[in-house]
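Here are the chains, one letter per residue:
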Amino acid sequence: MDIADQIRADPESGARRLVAEIGPGLRAFALRLCGNWADADDLYMRTLETAVTQIAGQKGPDFGAWLRAICLNLYRSDIRRGKSARSEDKESDAAAEAAADPNPTPLEETISRTEAEMVNAALARLP
């Protein structure tokens, strides 16, 4: 079963597989676009959220290319609006954080858990 079909059938396990198999490359792509980790991580998360919410519209065999297109389109939208992926205005950031829901979304929880498992597995392999 491909990743898109798995996300449609079981969003949580599909998102875990997405993060494990395509996440590192997509994150590196976001970093190349943004030039710094803070903006890249924000763009990466927005890309994953968009992909999961729009998975029904994904057609074709190259899921990775579809994700990179979403990432690039989000980045270009930010540029057209005259801002980076993260606001330069610290007061706006503080206000947004205060108004934001403190609870992570299910996707954010799944990604966080998967990344933690990957780090723990890598650490366990170290001598």
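The structure displayed is predicted, hence computed values, not measured ones.

Participant: Can you walk me through the packing of helix α3 (residues 23-34) against helix α4 (residues 37-53) in this structure?
Facilitator: Helix packing for two helices is described by the angle between their axes and how far apart those axes are. Two elements in contact, α3 and α4, have axes separated by 8 Å at closest approach and are oriented at 130°. Between α3 and α4, the crossing angle belongs to the class labelled oblique. Between α3 and α4 lies a crossing whose hand is right-handed. Across from G23, L26, R27, A30, L31, L33 and C34 in α3, the residues of α4 making contact are W37, D39, A40, D41, L43, Y44, T47 and L48. Partitioned by chemical class, the residues of the contact of α3 with α4 number 10 nonpolar, 2 polar and 3 charged.

Participant: Can you help me understand the nonpolar core in this one?
Facilitator: Generally speaking, a soluble globular protein has its nonpolar side chains buried in company with each other. In this structure, L18, L48, F63 and L67 are the most contacted members of the largest nonpolar core, which totals 27 residues. Looking at this core, the elements with two or more residues in it are α1 (3-9), α2 (11-21), α3, α4, α5 (63-80) and α7 (106-125). Apart from the residues within four sequence positions on either side, L48 is in contact with L18, V19, L26, L107 and I111.

How each quantity is defined
Residues numbered from 1 in each chain as written. Predicted model: local features only at pLDDT ≥ 70, side-chain atom pairs only at ≥ 80, totals over all residues. Heavy atoms only, no water. Axes fitted to C-alpha atoms, helices over the stretch in contact; angles between N-to-C directions. Helix = DSSP H or I, 4+ residues; strand = E, 2+ residues; numbered from the N terminus. Parallel < 35°, antiparallel > 145°, perpendicular 65-115°, else oblique. Left-handed = near helix turned anticlockwise from the far one by under 90°. Contact = heavy atoms within 4.5 Å. Nonpolar A, V, L, I, M, F, W, Y, C, P; charged D, E, K, R; others polar. Core = buried A, V, L, I, M, F, W, Y, C linked by side-chain atoms within 4.5 Å. Buried < 20%, exposed > 50% of the residue type's maximum accessible area, 1.4 Å probe, protein only.

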